[in-house]
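What follows is the residue order along each chain.
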Amino acid sequence: MASVFTFDAIGTRWVIDIGTPLSPLGEKSLLSDIRERIDVYDRVYSRFREDSVVTQMSRVPGTYELPADSHALFALYRKFYELTEGKLTPLIGDLISAAGYDASYTLRKRGIPQPPLPWDEVMSFDAGTLTMRKPTLIDIGAGGKGHLIDIIGALLVEKGIGTYTIDAGGDILYRTETGVKLRVGLEDPRDDSKAIGIVWIENQSICGSAGNRRTWEGYHHIIDPYALQSPRHLVSVWVVAESAFLADLLSTALYFVEPETLLPHVSFSYALMTAEGGLVYSPDLPAEIFSVGNGPML
Amino acid sequence: MNEQPQPGAAVGQAKKSNKGPLIGVAAVAIVVLAAVGFTKLSSKDDTRDLDAAATPNTNGNGNASPAGSAEPVASTHAYKDGTYTATGSYTSPAGPETVTITLTVKGDVITDATGVSNTTHPTSKNFQGMFVSNFAPMVIGKDLSSVSLTKVSGSSLTPKGFNDAVADIRAEAEA
């Protein structure tokens, strides 16, 4: 594509390909706008920042006015909270921190990990106003990156850029007016120099979630709030959906519930790699999977 | 009590046989489905009665006939693309159980297998989960450089802070 921006933000590497030619000044200005928008989001929602609204809400009860992007954020989180019977919850921050993945990356258990309280007991959210009754640390790791990717995508569209790829640490949103599909490799969680298949997307997002990188002391980045353990039956999950927010949340939800629980409510396709190394995937996933015994079998 | 079921072992044997997936896996499917006590599959796209070759052999331990004793019915059939669903019942040490299995066949390969666990007993749930995941094709990794790709999707690269912390802990442990 015409321009590529590469930078680090929210703890991961971003690569944004822009399909519309820009002047050097235009490039500089656009990159600056993108980074600023990410920082604005981070300053509200990051549990890793001392100065964030989320950190404040974890310490002081009260009523907080959140920005406009909070409407969609809490609405979809609520939907998945209900669909997963509370296993996917934004109130997982204290548990993840107690397990070790805290704002200072202690990576050691602190205290006794406890299940989070029910959403309605802790807080209410209505049209941008969050009432925090029992100060709790919100963590939107399950879907925040996808939400932010969509926000940046909308920013690009607003500026007249109709073809782009946003890749934030392997969660990808691809919009195009050209009809060309994007070939995305599914990284082998056992060996990151390899792929176990390829997926083609067009005006969709693919998000992946695997337990191979952020791992410590028997946990990985997803913790079941009732079992107080990280799920081990799946080692990697990929989801293709219309938006990065949806795909991101789904890629966590699928560690907690089966696809059949979600498919009546959300449109998506998926691939789940089991601990045994098998791949379960939806028939409509546009993919080529590299497997033992692929091809003619007689 | 060891509830590791024979079907698990049967699946293992099928995988090691190195035959094409449909013969191996379908033979296992037939054996295991027979073990769970049903003999008919009905497809959403096509009605196909598939009689299991092996006699159900559920003793009190829920064991299935070893794969070797089942006739590989699949060797003379190609499976029409479609989705096949069946519900089976069997007796586990925890009592009577049922499981509903859906297999999707595409190009003579089982591309998806889902089990809906109708049990509330935790061990039965695990067994059913294992049973289902053993049907999924075993994936192999190909070097990224050998595959024509634009992007790669996997777990997020960890923040520097995370990696530094891991390094610190390792250094402490070795000190």
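Presented here is a report on the structure given in the accompanying data block.

## What about the overall build of chain B?
Working step 1: Secondary structure assignment for chain B yields four helices and six strands.
Working step 2: Secondary structure of chain B in N-to-C order comes out as α-α-β-β-β-β-α-β-β-α.
Working step 3: Out of the 175 residues in chain B, the part that is buried amounts to 45%.
Working step 4: Counting contacts in chain B only where the partners sit at least 6 residues apart, residues at least 24 apart contribute 51% of the total.
Working step 5: Total accessible area on chain B stands at roughly 8700 Å², and carbon and sulfur atoms take up 52% of it.

## Side note on unusual backbone geometry
Residues and elements named next belong to chain A.
Working step 1: Positive phi, close to 55 degrees, is recorded for L107, a residue that is not glycine.
Working step 2: By secondary structure assignment, the location of L107 is in the loop between α4 (93–99) and α5 (119–122).
Working step 3: In this structure L107 comes out as buried when scored by relative accessible area, which is 2%.
Working step 4: Positive phi is not limited to glycine here, since A127 has a value of about 45 degrees.
Working step 5: Here A127 is to be found in the loop between β4 (123–126) and β5 (129–132).

## What to know about the sheet that holds β4 of chain A
All names here are of chain A.
Working step 1: Spatially, β3-β5-β4 is the arrangement adopted by the three strands of the open sheet, whose pairing is antiparallel. On the outer flanks of this sheet lie β3 (62–65) and β4, each paired with one strand and no other. When strand polarity is set aside, the average angle formed by the axes of neighbouring strands in this sheet is 15 degrees.
Working step 2: Inspection of the sheet shows β4 paired to β5 by four bridges, in the antiparallel sense. Bridging across to β5, M123 finds its partner in M132.

## Observations regarding the interface of chain A and chain B
Working step 1: Of the residues lining the interface, 59 residues belong to chain A; the matching set on chain B comes to 42 residues.
Working step 2: Here chain A and chain B share an interface that buries about 4500 Å² over both sides, 58% of which is from carbon and sulfur atoms.
Working step 3: Taken together, the links from chain A to chain B amount to three salt bridges.
Working step 4: At the boundary of chain A with chain B, the tally comes to 15 residue pairs in polar contact (both at pLDDT 80 or more).

## Some remarks on helix α1 (residues 24–45) of chain A
All names here are of chain A.
Working step 1: With 22 residues, α1 should reach 32 Å at 1.5 Å per residue; the first-to-last C-alpha distance of 32 Å fits that figure.
Working step 2: Within the sequence span of α1, burial applies to L30, I34, I38, Y41, D42, V44 and Y45.
Working step 3: Contact partners of the buried residues in α1: β1 (3–9), β2 (12–18), α2 (53–57), α3 (70–83) and α6 (144–158).

## Re the pairing of strand β9 (residues 191–201) of chain A
Working step 1: The pairing of strand β8 (residues 182–188) of chain A with β9 of chain A spans seven bridges and is antiparallel. Looking at β9 of chain A, one finds that L182 of chain A is bridged to I201 of chain A.
Working step 2: Taking the residues between adjacent antiparallel strands as the criterion, β8 of chain A and β9 of chain A are bridged by two residues.
Working step 3: When β9 of chain A meets strand β5 (residues 142–143) of chain B, the two strands line up antiparallel, connected through two bridges. Counterpart to A195 of chain A in the pairing with β5 of chain B is K142 of chain B.

## Thoughts on the packing of aromatic side chains
Ring pairs (aromatic) are described by centroid distance and by the angle formed between their planes.
Residues and elements named next belong to chain A.
Working step 1: As enumerated under the stated definition, the model contains 10 aromatic pairs over all chains in all.
Working step 2: Between F74 and F125, the ring centres sit 4.4 Å apart and the planes meet at 15 degrees, which makes this aromatic pair stacked. On the criterion of sequence distance, the pair formed by F74 in helix α3 and F125 in strand β4 is long-range, its members being 51 residues apart. Of the two residues, F74 and F125, neither departs from the other in class, the shared state being buried.
Working step 3: Stacked on the ring of Y101, the Lys or Arg R47 has its end atom at 5.0 Å from the ring centre.

Calculation rules
Residues numbered from 1 in each chain as written. Chains lettered and ligands numbered in written order. Predicted model: local features only at pLDDT ≥ 70, side-chain atom pairs only at ≥ 80, totals over all residues. Heavy atoms only, no water. Helix = DSSP H or I, 4+ residues; strand = E, 2+ residues; numbered from the N terminus. Buried < 20%, exposed > 50% of the residue type's maximum accessible area, 1.4 Å probe, protein only. Contact = heavy atoms within 4.5 Å. Areas by Shrake-Rupley, 256 points an atom, 1.4 Å probe, with all protein chains shown as cover. Pairing = 2+ DSSP bridges. Axes fitted to C-alpha atoms, helices over the stretch in contact; angles between N-to-C directions. Buried area = accessible area lost by both parts, 1.4 Å probe. Salt bridge = Lys/Arg side-chain N within 4 Å of Asp/Glu carboxyl O. Polar contact = N/O pair within 3.5 Å; in protein donor to acceptor, adjacent residues only side chain to side chain. Expected span 1.5 Å × (residues − 1). Phe/Tyr/Trp six-rings, centres within 6.5 Å; stacked < 30°, edge-to-face > 60°. Lys NZ or Arg CZ within 6 Å of the ring centre and 35° of its normal.

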